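Letter by letter, the chains look like this.
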Amino acid sequence: VSVILRCLGAKVGKRIYWPGTGLQGLVEYDLLEVGDDVVFGSRTNVMVCDAVSSKRIRILAGANVGDRCVLLPGCTIGRNALLGS
């Protein structure tokens, strides 16, 4: 998944764990930035745009995004942060 997202324009670090992540709604790949050693939970939705605007989503190195979390446009998940649902 990381290689595909890089080819489409996203900034993706190394050692990312993507288990069935909800990237089907992601259409503006250049607005996604994921640091090194990030872990996504299953069925996490990443939405860089909504009906009003498009904004960058940044997930910094070492972050852990839990199962069924929704990342909305403009959010930043901090370094080594844990986001749970």
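As the structure is a prediction and not an experimental result, all values here were calculated from the model. Sequence order as written defines the numbering, with residues in each chain counted from 1. Local features in this predicted model are restricted to residues whose pLDDT is 70 or higher, and side-chain atom pairs enter the listing and the counts only when it is 80 or higher, whereas totals over whole chains, interfaces and linings include all residues. Side-chain measures were taken over the full set of non-hydrogen atoms in the model, leaving aside hydrogen atoms and water.

**Description of the overall build of the protein chain**
(1) Moving on: Runs of H or I in DSSP of at least four residues are treated as helices and runs of E of at least two as strands, each being numbered from the N terminus. Assigned secondary structure in the protein chain consists of one helix and nine strands.
(2) Moving on: Written out in order from the N terminus, the α and β elements of the protein chain read α-β-β-β-β-β-β-β-β-β.
(3) Moving on: In this description the radius of gyration comes from C-alpha coordinates, and the expected globular size is given by 2.2 Å times residues to the power 0.38. In terms of C-alpha radius of gyration, the protein chain reaches 11 Å, essentially the compact-globule figure of 12 Å for 85 residues.
(4) Moving on: In terms of overall dimensions, the protein chain has C-alpha extents of about 30 × 30 × 20 Å along its principal axes.
(5) Moving on: Working definition of accessibility: Shrake-Rupley area with a 1.4 Å probe, residue cover restricted to the visible protein chains. Accessible surface, the protein chain as shown: approximately 4800 Å² in total, 54% of it carbon and sulfur.
(6) Moving on: For this count, His and the chain ends are skipped, Lys and Arg are scored as positive, and Asp and Glu as negative. In this description, the location of a charge corresponds to atom NZ of lysine, CZ of arginine, CG of aspartate or CD of glutamate. A gap of 4 Å separates the mean positions of the 10 positive and 7 negative side-chain charges of the protein chain.

**Let's talk about the sheet that holds strand β6 (residues 64-65)**
(1) Moving on: Strands are labelled as partners when DSSP assigns at least two bridges between them. Here three strands make up an open sheet; going across it, the order is β3-β6-β9 and the pairing parallel. With partners counted over all chains shown, the strands left at the sheet margins are β3 (39-40) and β9 (82-83), one partner each.

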